[in-house]
Amino acid sequence: MRYKLTFVVGLALGYVIGTRAGRERYEEMKKSARDFAQNPAVRNAAESAAQTGRQVAGKAVHAVSDTVGDRLPSSVTDRFHALCGHGRSNGKVEDDDWGTSNT
């Protein structure tokens, strides 16, 4: 009960402080976040991190595949190949049902 009460009090306090800051401050913070996200250095760092993540995931799948062999479900291996670009047909990325983009 104490945690619920603390949460409700925190929520109310955040609402009051947020309304006092007003729409102008909200728009200011939104613009700052957009500018940060569109910064070329930030975009390059994000893309680099994503690429490194894909490489590490590829190595992990190969290591697991070697260890587990044919026991790895085809849905997992198909998804991996789609992410790595092996699931391409005629230069187009095949649709996936995971709701992710293959960038």
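Residues numbered from 1 in each chain as written. Predicted model: local features only at pLDDT ≥ 70, side-chain atom pairs only at ≥ 80, totals over all residues. Heavy atoms only, no water.

Turning our eyes to something else, we now look at the overall build of the protein chain. What the protein chain contains, in helices and strands, is three helices and two strands. Along the protein chain, from the amino end to the carboxyl end, the secondary structure elements read α-α-α-β-β. Within the protein chain, the proportion of its 103 residues that are buried is 6%. For the protein chain, the accessible surface area stands at approximately 8900 Å², while carbon and sulfur atoms represent 58% of it. (Helix = DSSP H or I, 4+ residues; strand = E, 2+ residues; numbered from the N terminus. Buried < 20%, exposed > 50% of the residue type's maximum accessible area, 1.4 Å probe, protein only. Areas by Shrake-Rupley, 256 points an atom, 1.4 Å probe, with all protein chains shown as cover.)

Following the criterion strictly, the structure yields two salt bridges and no others. Residue Lys 31 is joined to Asp 35 by a salt bridge in which the shortest nitrogen-to-oxygen separation is 2.9 Å. Linking Lys 31 with Asp 35, this pair stays in helix α1 (residues 2–38), spanning four residues, or about one helical turn. The partner of Arg 54 in a salt bridge is Glu 47, and the shortest N-O contact between them spans 3.2 Å. (Salt bridge = Lys/Arg side-chain N within 4 Å of Asp/Glu carboxyl O.)

All right, on to the confidence of the model for the protein chain then. Looking at the protein chain as a whole, the pLDDT averages 76, with 75% of positions reaching at least 70. Looking over the protein chain, one finds the lowest element-wise mean pLDDT in strand β1 (residues 88–89), namely 44, and the highest in helix α2 (residues 40–68), namely 86. The model gives residues 87–94 a pLDDT under 50, and that stretch makes eight contacts with residues more than four places away or in other chains. (pLDDT = per-residue confidence, 0-100. Contact = heavy atoms within 4.5 Å.)

Looking now at a nonpolar patch on the surface. On the surface, Phe 7, Val 8 and Leu 11 cluster together to form a nonpolar patch covering roughly 330 Å² of accessible area. The topology assignment puts Val 8 in helix α1. (Patch = residues over 30% accessible without salt bridge, like charges linked within 9 Å, V, L, I, M, F, W, Y side chains within 5 Å.)

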